[in-house]
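Tertiary structure, described
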Amino acid sequence: MFAVVLTVTALVAVAAKPPANAIANKSSSLASPSLEPGHKAGPPKPGRILDLDWKELLPEGERSHFTAVAPPPVHDYRGEGGPPAVQAQDFGVNKSLEGAIVRLPGFIVPLEAVKSGDVGEFLLVPYFGSCIHVPPPPPNQIVYVHTGKRAGIESIYDAYWITGKLHLQTKTTRLGATAYELSAEKIEVYKY
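Here goes a summary of the coordinates provided. Being a predicted model, the structure only gives us computed values, none of them experimental. (Residues numbered from 1 in each chain as written. Predicted model: local features only at pLDDT ≥ 70, side-chain atom pairs only at ≥ 80, totals over all residues. Heavy atoms only, no water.)

**A closer look at the overall build of the protein**
When you go through the protein residue by residue, the secondary structure sums to 2 helices and 6 strands. Along the chain direction, N to C, the helices and strands of the protein fall in the order α-α-β-β-β-β-β-β. With 192 residues in all, the protein has 46% of them scored as buried. Across the protein, every contact between residues at least 6 apart in sequence was considered, and the portion connecting residues at least 24 apart equals 75%. (Helix = DSSP H or I, 4+ residues; strand = E, 2+ residues; numbered from the N terminus. Buried < 20%, exposed > 50% of the residue type's maximum accessible area, 1.4 Å probe, protein only. Contact = heavy atoms within 4.5 Å.)

Quick look at the structure:
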């Protein structure tokens, strides 16, 4: 079994401190950003942008068990010095999303050192704070995103809408395994 973790150090590489609004609105960082009430996804239509919710990345039979809340931190008797949390290995995907143009909200975890807020590839995750003591989401709840060129982000403490073409593609990075790949065409701050 291959243990992978999302580390706080990868998050700290982008910003030294959270913006004031991230501290004031702690509850927004606990659950994944969601779509407007009344949202209905349905099968993708050619040429149309499909707004996705994270549960729609799961196979239909698994959606009833979905929770948008991050799991609690895992500490053993060693506290912060304990072993890293292990990523559950669930690669089950929603096959109807292959090749769809989608828009998905989430949090950015850079895969490279970031200078001045520019990223070229990153993991998109449903909740903020995936780190050494919080188990990373399973691969079917992490999307590997590449931009083709470096794109600027304001803060990793904010949620973003990522728009682009989605593929069913597994990838293993040093921070976690993914079951989806997204070629990002647009990155915009998510408004709560």
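**Overview of the packing of aromatic side chains**
Using the criterion set out here, one finds 3 aromatic pairs in the structure. Arranged with centres 5.4 Å apart and planes meeting at 40 degrees, the rings of Trp161 and Tyr190 form a pair that is tilted. Highlighted residues: Trp161 in strand S5 (residues 159–173) and Tyr190 in the segment after strand S6 (176–189), separated in sequence by 29 residues. Exposure class is identical for Trp161 and Tyr190. Each is buried. Ring pairs connect the aromatic residues Phe107, Phe128 and Tyr157, which therefore count as one cluster. Lying over the aromatic face of Trp161, Arg103 brings its terminal NZ or CZ to 3.6 Å of the ring centre. (Phe/Tyr/Trp six-rings, centres within 6.5 Å; stacked < 30°, edge-to-face > 60°. Lys NZ or Arg CZ within 6 Å of the ring centre and 35° of its normal.)

**Thoughts on the environment of Gly148**
As for its position among the elements, Gly148 is in strand S4 (residues 143–152). Note on Gly148: relative accessible area 80%, which makes it exposed. Taking the C-alpha atoms as reference, Gly148 lies 6.7 Å from Gly120; in sequence the two are 28 residues apart.

**Concerning the pairing of strand S3 (residues 118–125)**
Among the 8 residues that make up S3, 6 are buried, leaving the element largely enclosed by the rest of the structure. Pairing of strand S2 (residues 101–110) with S3 involves 4 bridges; the strand directions are antiparallel. Its bridge partner lying in S3, Val109 is registered against Leu123. Pairing of S3 with S4 involves 6 bridges; the strand directions are antiparallel. In the sheet register, Leu123 faces S4, and the bridge partner there is Tyr144. (Pairing = 2+ DSSP bridges.)

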